[in-house]
Structure formats: structure tokens, C-alpha cells
Amino acid sequence: MSKAPITICVTGAAGQIGYALLPHLCSGKTFGPDQPVKLHLLDLPIDGVQTALNGVKLELEDATYPLLKGCVCTGDEKVAFAGADAVIMLGAFPRKDGMERKDLLEKNCGIFKQQGDLLNTVASKNVKVLVVGNPANTNCLIASECAPNIPKKNFSALTRLDHNRAIAQVAIKCGVPIEQVTGSIIWGNHSSTQYPDINHCKVNGTPAKDLIKDDAWVNDVMIPCVQKRGAAIIAARKLSSALSAAQAISDHMNNWFLGTPEGKWVSMAVDSTGNKYGVAEGLMYSFPVKCSGGEWTIVDGLPIDDFSKVKMKATETELSEEKTMAMEILKA
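The structure contained in this document is the topic of the report that follows.

The rules behind each value
Residues numbered from 1 in each chain as written. Predicted model: local features only at pLDDT ≥ 70, side-chain atom pairs only at ≥ 80, totals over all residues. Heavy atoms only, no water. Pairing = 2+ DSSP bridges. Helix = DSSP H or I, 4+ residues; strand = E, 2+ residues; numbered from the N terminus. Buried < 20%, exposed > 50% of the residue type's maximum accessible area, 1.4 Å probe, protein only. Contact = heavy atoms within 4.5 Å. Lys, Arg positive; Asp, Glu negative; His and termini not counted. Salt bridge = Lys/Arg side-chain N within 4 Å of Asp/Glu carboxyl O. Core = buried A, V, L, I, M, F, W, Y, C linked by side-chain atoms within 4.5 Å. Expected span 1.5 Å × (residues − 1). Bend = angle between axes of the 7 residues up to and from the residue.

Considering the sheet that holds strand β10 (residues 202-203)
The strands that make up a sheet are held in pairs by hydrogen bonds between backbone atoms, and each pair lies either parallel or antiparallel. A sheet is described by the order of its strands in space; here three strands give the open sequence β7-β10-β11, paired in antiparallel fashion. Each having just a single partner strand, β7 (181-182) and β11 (206-207) make up the two edges of the open sheet. With two bridges connecting them, β10 and β11 associate as antiparallel partners. Across the sheet, the residue bridging to Val-203 is Thr-206, located in β11.

A short note on the pairing of strand β1 (residues 6-11)
With six of its six residues buried, β1 lies for the most part within the structure. Because side chains alternate across β1, one face comprises the buried residues Ile-6, Ile-8 and Val-10, and the other comprises Thr-7, Cys-9 and Thr-11, equally buried. As defined by bridge partners, β1 adjoins strand β2 (residues 37-42) across six bridges and the pair is classed as parallel. Bridging from a neighbouring strand, Val-10 pairs with Leu-41 of β2. Here β1 pairs with strand β4 (residues 86-89) via four bridges, running parallel. Following the sheet pairing, Ile-8 is matched in β4 by Ala-86.

Quick look at the side chain of Thr-315
Within the secondary structure layout, Thr-315 lies in helix α11 (residues 306-331). In this structure Thr-315 comes out as buried when scored by relative accessible area, which is 0%. Those residues in contact with Thr-315 that lie beyond four places of it in its chain are Trp-187, Gly-188, Asn-189, Thr-193, Gln-194 and Tyr-285.

Side note on the pairing of strand β12 (residues 266-271)
Burial of β12 is extensive: six of the six residues sit out of reach of the surface. Relative to strand β13 (residues 284-292), β12 is paired through six bridges, and the arrangement is antiparallel. The residue of β13 that forms the bridge with Ala-269 is Ser-286.

Considerations on the side chain of Asp-197
Mapping Asp-197 onto the fold places it in strand β9 (residues 195-197). Of the side chains with opposite charge, Lys-209 lies nearest to the buried Asp-197, which makes no salt bridge, at 6.6 Å.

So, the pattern of salt bridges
Applying the stated criterion across every chain yields a total of seven salt bridges. The salt bridge involving Lys-209 is made with Asp-215; its shortest N-O contact spans 3.9 Å. Accessibility expressed as a relative area gives 26% for Lys-209, which makes it partly exposed.

A look at the nonpolar core
Across soluble globular proteins, nonpolar side chains show a tendency to be buried alongside one another. Formed by 71 residues in total, the largest nonpolar core has its most connected members in Ile-8, Leu-39, Leu-41 and Ile-249. Excluding residues that lie within four positions of it along the chain, Ile-249 makes contacts with Ile-17, Leu-21, Ile-88, Leu-90, Leu-130, Val-132 and Leu-158. Counting residues in each nonpolar core, the second largest holds 33 residues, with Val-129, Ala-143, Met-325 and Met-327 among its members.

Remarks on helix α4 (residues 101-122)
With 22 residues, α4 should cover 32 Å at 1.5 Å per step; its first-to-last C-alpha distance of 31 Å lies within 8% of that length. At Asn-108, α4 shows its strongest bend, of approximately 25°. Within α4 the residues assigned to the buried category are Leu-104, Leu-105, Asn-108, Cys-109, Phe-112, Gln-115, Gly-116, Leu-118, Leu-119, Asn-120 and Val-122.

Some details on helix α5 (residues 136-145)
In terms of residue burial, α5 counts as a mostly covered element, since nine of its ten residues are buried. Those residues of α5 lying buried are Ala-136, Asn-137, Thr-138, Asn-139, Cys-140, Leu-141, Ile-142, Ala-143 and Ser-144. Lining the buried residues of α5 we find α4, β5 (128-131), β6 (155-157), β12, β13 and α11.

Have a look at this one:
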């Protein structure tokens, strides 16, 4: 018996990440080869943007995806979120020249408060929400705070792109195929304070650091490379990451819905409440997680060295500062 379609809402869907992501969602790569989907594509209620969004719909029709069972294009958030089983939030107010972090948070607090309020009332109560638009961790926190009817565990922010970047750097350094590298971790914020940790990374079962034998490369080359990779891509392309971001979003949702492979973990920014690593509670902080049955669980018990503790604390501090600013803005 064929499965019932699930409804996937994508915000900011007319942008380049949305364009790169939709083939993943419609081909079965994200939610499984036998899972039909209906798309609710949301973008700004501006004529030019809606015209472009409807152009994307024309292409989806022409692509003849067997699993695509419907597509709604809209500028109305209430329509977009209605009945959604998953919401992928690409849309956010972009940082502009001269903007301070608080200015950016003020703009995004308004957006994610409104969207959280609507999710709370019109989306499925089992909806899974992935926030990609930056500052992703704190935007995710705002949305979750404004949607008390939806469990906190149903909100996460994207750090899978950073996770994948770390794996790629280790694979290149060791001269091995990507699939031989496992166990990278992104701790904390999706920002330049994130901590890409390869202390638990393995290459074909062998600790990566035993093969690399170069702490200077790890600390002075790999970590800054991953932290600043987004800026490097913007400098090269004059556009932000899209192809790789779409792949990471697809990976994230696939693991969340269908589970992580046996014995492997991935990185997701999730509610820090109850974690065993000493991270302050009530943050959307990236941890190593395993997924099963549509639920994530933080991987506990990994040894943390002193270098890592400092890095983890620095990104926690930034997230705590962002949370404080966001809560003050929401109360104003």
C-alpha cells in the first residue's frame, strides 16, 4: 500500500538554496524513495518574488517527479504552514553592511516570532522545523519559544553543512574517499565561533588524528577553514553556499526522519536542556546526535579535552549573549 503524502513547507523558496534543495525533496533522496510529498513554497508577498516562485513551480511540473503530489506557491505564511509535517526555514533577514548583531537579531526576532506563532496554531503538532536562515541557532530558539504547543525537540538548526565540511577536509588531508570518514562533530553556534571537533573522527576505523599526526594543521588550518568556509565561498562565487547547503539540509532531514546509520552520529543544533556536557540549558546548541524513529538523542560520554572545553565554552557564550538579546527584544 502506497504511503500518504507528507506536506513540506519551504520558506524563502524562491532563493538559490531553495532552487538547489527542491530536487532532493521531490526525488525521494530526502524522505525516502517511496515517500510522496506535497510542497508549500513560501516567499515574500512581492510581485517579482511571487512571479519567480511560480516559475519554480513550472519547472517542478516539467521535471515530472513521480513523488511530487502537489505544489502551492504563496506569500501567506498561514497558507504555507497549514498542515505542514516539516518546515524548512531558509528565509531570514540578511546581514547588511554596517549592521550590528543586535540589529540583525531585531529584524529576525520579528520574522521568527510571527512564524513561530503561526506554526503554533496551523502546523501539525508533530511538525519538524529546521531553521537555516541566519543567525540560525537563535532564530530557531525564537521560533520554538513562540510555539509552545510544539515540543522543543521538534525544532533544530542546521550545522550539518559545517559537519560535512569537516569530514571533507579530513578526507582530503588523508587522501581517502568521503565515505571512509566518520565522527566529526560541530559544537555550538553556526557562526565563526563554532567548534569543528575531529578528536573522535575515524578514517576506516582508525582515529583520524593518528593518521594526520599534525595538531598544527588541525588547530590552525582545518578548524579556521571550516569556521570560515561560508565566507570563502561568498568571496569566490559572490553568492552564498547553495549546492552544499541543499545537500546538508537533505542529509539533516533524512537522518531526522529516517534515522542515522548504525554506530554513526551527525551534528544538529538542538535544545541543550538536559545535556551532559556542561553546556548552559535553554540554548539551540550543536551536539553530536543519533536519530531513530523520528527522534534525536545527544550522544553522551565522549571525552572532552581542555582545548575542546575552551572552544565549546566560547561558542556557548556567544549563544547565551544572542539569547539574552533576543529575549529582551521579544519582551519590548
